[in-house]
Amino acid sequence: MKQPGPDHPIAILPHPGRIRVVLNGAVVAETRAALSLQEGGYLPVLYIPRADARLEHFTPSSRRSHCPYKGDASYYDLQVGEAQRGDAVWSYEDPFPAVAAIRGHLAFYPDRVDAIEQD
């Protein structure tokens with residue numbers, strides 16, 4: 001486990017406004033309680049509370065990955081009607097203490113959904 005610091009900063013901030021994730025014309029997640037994780041030189045990633053997702057469209061995937069700063073990630077496939085997107089969503093089920101705020105949240109790959117809309 002690596003700790004965020006000056007060489008690799010991580011900030012988790014409340015995202016102002018509403019986030020809506022759309023696939024095949026259906027809203028698969030919508031919230032006003034998203035978190036924005038800003039890590040090093042990467043683009044910010046929005047994390048949506050699991051309670052604000054329509055989980056009937058999610059199927060656990062066999063994919064797993066590890067981040068030395070955040071922990072082990074699990075993935076989900078999305079399906080809405082005929083639209084299927086593999087490994088479109090990830091979650092840190094038991095994140096490291098420095099990023100514990102993202103526990104119970106989901107992040108979406110922008111290129112694997114039709115839209116991530118922000119108000």
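Values in this document were obtained by computation on a predicted structure and should not be read as measured data.

Participant: Explanation requested: the packing of aromatic side chains in the structure shown.
Facilitator: Geometrically, a pair of aromatic rings is defined through the distance of the ring centres and the angle of the planes. Taken as a whole, this structure holds 4 aromatic pairs when the rule is applied. Considering the side-chain rings of Phe 58 and Tyr 76, the 6.2 Å spacing of their centres and the 75° angle between planes classify their relative orientation as edge-to-face. With Phe 58 in strand β6 (residues 58-67) and Tyr 76 in strand β7 (residues 71-80), the pair connects residues that are 18 residues apart, well separated along the chain. You can call Tyr 76 buried: its relative accessible area is 14%. Ring plane angle 75° and centroid distance 6.1 Å describe the contact between Phe 58 and Phe 108, whose orientation is recorded as edge-to-face. Of this pair, Phe 58 sits in strand β6 while Phe 108 sits in strand β9 (residues 105-108); the two residues are 50 residues apart in sequence, bridging distant segments of the chain. An aromatic cluster of three or more residues is present, and its members are Tyr 47, Trp 90 and Tyr 109.

Participant: Quick question: what am I supposed to make of the environment of Ile 48 here?
Facilitator: Structurally, Ile 48 can be placed in strand β5 (residues 45-49). The spatial distance from the C-alpha of Ile 48 to the C-alpha of Arg 32 is 8.7 Å, given a sequence separation of 16 residues. With sequence-adjacent residues up to four places away left out, Ile 48 is seen in contact with Ile 19, Val 21, Ala 29, Thr 31, Ala 34, Gly 104, His 105, Leu 106 and Phe 108.

Participant: Got a minute to help me understand the sheet that holds strand β2 (residues 19-23) in this structure?
Facilitator: Adjacent strands of a sheet form backbone hydrogen bonds with each other and so pair up, either parallel or antiparallel. One open sheet holds the 3 strands; their spatial order is β3-β2-β10, and the pairing between them is antiparallel. Strands at the two margins of the open sheet, each flanked by one partner only, are β3 (26-31) and β10 (115-118). For this sheet, the mean inter-axis angle between neighbouring strands, taken without regard to orientation, is 20°. Both β2 and β10 contribute to a ladder of 4 bridges, which runs antiparallel. Bridge assignment links Val 21 to a residue of β10, and that residue is Ile 116.

Participant: Explain the sheet that holds β6 here, please?
Facilitator: Here we have 7 strands laid out as an open sheet, ordered β1-β4-β5-β9-β8-β7-β6, and antiparallel in their pairing. Every interior strand has two partners, whereas the edge strands, β1 (10-14) and β6, have only one. Taking the axes of each pair of neighbouring strands and ignoring which way they run, one obtains an average angle of 35° across the sheet. Sheet topology note: the strand β4 (residues 35-39)/β5 ladder contains 3 bridges and is antiparallel. Within β5, the residue paired with Leu 35 across the bridge is Tyr 47.

Participant: Help me understand the pairing of β7, please; the structure alone is not making it clear to me.
Facilitator: For a regular strand, side-chain orientation follows a simple rule: the groups alternate between the two sheet faces. For β7, the tally of buried residues reaches 7 of 10 residues, placing the bulk of the element in the interior. Both β6 and β7 contribute to a ladder of 7 bridges, which runs antiparallel. Note on β7: the bridge partner recorded for Cys 67 is Gly 71. Between β6 and β7, which pair antiparallel one after the other, the connecting turn spans 3 residues. Linking two consecutive strands that pair antiparallel, namely β7 and strand β8 (residues 83-91), is a turn of 2 residues; a positive phi of about 60° is found at Gly 81 within it.

Definitions and cut-offs
- Residues numbered from 1 in each chain as written.
- Predicted model: local features only at pLDDT ≥ 70, side-chain atom pairs only at ≥ 80, totals over all residues.
- Heavy atoms only, no water.
- Phe/Tyr/Trp six-rings, centres within 6.5 Å; stacked < 30°, edge-to-face > 60°.
- Helix = DSSP H or I, 4+ residues; strand = E, 2+ residues; numbered from the N terminus.
- Buried < 20%, exposed > 50% of the residue type's maximum accessible area, 1.4 Å probe, protein only.
- Contact = heavy atoms within 4.5 Å.
- Pairing = 2+ DSSP bridges.
- Axes fitted to C-alpha atoms, helices over the stretch in contact; angles between N-to-C directions.

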